[in-house]
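So you can see what is in the structure, the chains are spelled out below.
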Amino acid sequence: MATVELTSANFDEVTGNDGIVLVDFWADWCGPCKRFAPVYERSSEKHQNIVFGKVDTEAQQELGAKFDIRSIPTIMAIRDGVIVFAQPGALPESALENLIEQVEALDMEDVRKQLAEHNH
C-alpha cells in the first residue's frame, strides 16, 4: 500500500479507526524529510496492514499546530485511535521497523487503562 495524503479533512477519519496508522509530518523544503521518504515508502510496501500517512506541514498548517509539530520530519504512531508515539527526526530503516514491532506488540487495553489513570 502506498502512502496516504492526510489533510485536516480526512485526518480524524483515517486515524480514528482500529489498527495502526503511522504519520510522517514533512515539508518539501526539508532535506531530512526527503531523505526519509524512500525509507517510509519501502516500509509501507512491507506492511500492508498498516496505514502510512503523510502530512505536508506547509499545506496542512492547522494539523501541524494541532499536534504542536516544531521539528520535521516528525513520526507519529496511532493505534486504535490513540497516539502511542511521536518523535521528531528521520528514523533509519531498522529503527522504523523496530517502532512498528513495538506498536504492534502493545496491549491496547493496558494503554487505555494507563491513559484513564493519568487523566484522573
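Residues numbered from 1 in each chain as written. Predicted model: local features only at pLDDT ≥ 70, side-chain atom pairs only at ≥ 80, totals over all residues. Heavy atoms only, no water.

(A) Region of interest: the overall build of the chain. The helix and strand tally for the chain stands at five helices and five strands. Secondary structure elements of the chain occur, N-terminal to C-terminal, as β-α-β-α-β-α-β-β-α-α. Relative to its full complement of 120 residues, the chain shows a buried share of 42%. Within the chain, residue pairs in contact and separated by at least 24 positions form 74% of the contacts whose partners lie at least 6 positions apart. When the 10 basic and 21 acidic side-chain charges of the chain are each reduced to a single mean position, those positions are 4 Å apart. (Helix = DSSP H or I, 4+ residues; strand = E, 2+ residues; numbered from the N terminus. Buried < 20%, exposed > 50% of the residue type's maximum accessible area, 1.4 Å probe, protein only. Contact = heavy atoms within 4.5 Å. Lys, Arg positive; Asp, Glu negative; His and termini not counted. Charge placed at Lys NZ, Arg CZ, Asp CG, Glu CD.)

(B) Structural context of the packing of helix α2 (residues 31-46) against helix α4 (residues 93-105). Two numbers describe how α2 lies on α4: the axes approach to 10 Å, and their chain directions differ by 40 degrees. Overall, the two elements α2 and α4 adopt an arrangement that is oblique. Every pair of crossing elements has a handedness; the one defined by α2 and α4 is right-handed. Here F36, V39, Y40, R42, S43 and K46 of α2 come into contact with α4, specifically with E93, L96, E97 and I100. In the contact of α2 with α4, the residues fall into five nonpolar, one polar and four charged. (Axes fitted to C-alpha atoms, helices over the stretch in contact; angles between N-to-C directions. Parallel < 35°, antiparallel > 145°, perpendicular 65-115°, else oblique. Left-handed = near helix turned anticlockwise from the far one by under 90°. Nonpolar A, V, L, I, M, F, W, Y, C, P; charged D, E, K, R; others polar.)

(C) Seen up close, the pattern of salt bridges. A complete count under the given rule lists seven salt bridges for this structure. Salt-bridge contacts for R42 lead to E93; the nearest nitrogen and oxygen are separated by 2.9 Å. A residue pair is termed long-range when its members are at least 10 positions apart, and R42 in helix α2 and E93 in helix α4 qualify at 51 residues. Overall, the relative accessible area of 40% leaves R42 in the partly exposed class. Looking at E93, the relative accessible area reads 23%, which means it is partly exposed. Taking the shortest distance from any N to any O, the salt bridge between D68 and R70 comes out at 3.2 Å. (Salt bridge = Lys/Arg side-chain N within 4 Å of Asp/Glu carboxyl O.)

(D) Geometry of the side chain of H47. The residue H47 is located in the loop between α2 and β3 (51-56) in this model. A relative accessible area of 14% means that H47 is categorised as buried. A polar atom in the side chain of H47 sits 2.7 Å from the side chain of E97. Beyond its immediate stretch of four places on either side in the chain, H47 contacts F52, E97, I100 and E104. (Polar contact = N/O pair within 3.5 Å; in protein donor to acceptor, adjacent residues only side chain to side chain.)

(E) Structural detail: a negative patch on the surface. Taken together, the side chains of D107, E109, D110 and E117 present a region of like negative charge at the surface. In this fold, E117 is placed in helix α5 (residues 108-118). (Patch = residues over 30% accessible without salt bridge, like charges linked within 9 Å, V, L, I, M, F, W, Y side chains within 5 Å. Areas by Shrake-Rupley, 256 points an atom, 1.4 Å probe, with all protein chains shown as cover.)

Keep in mind these values describe shape, not function.
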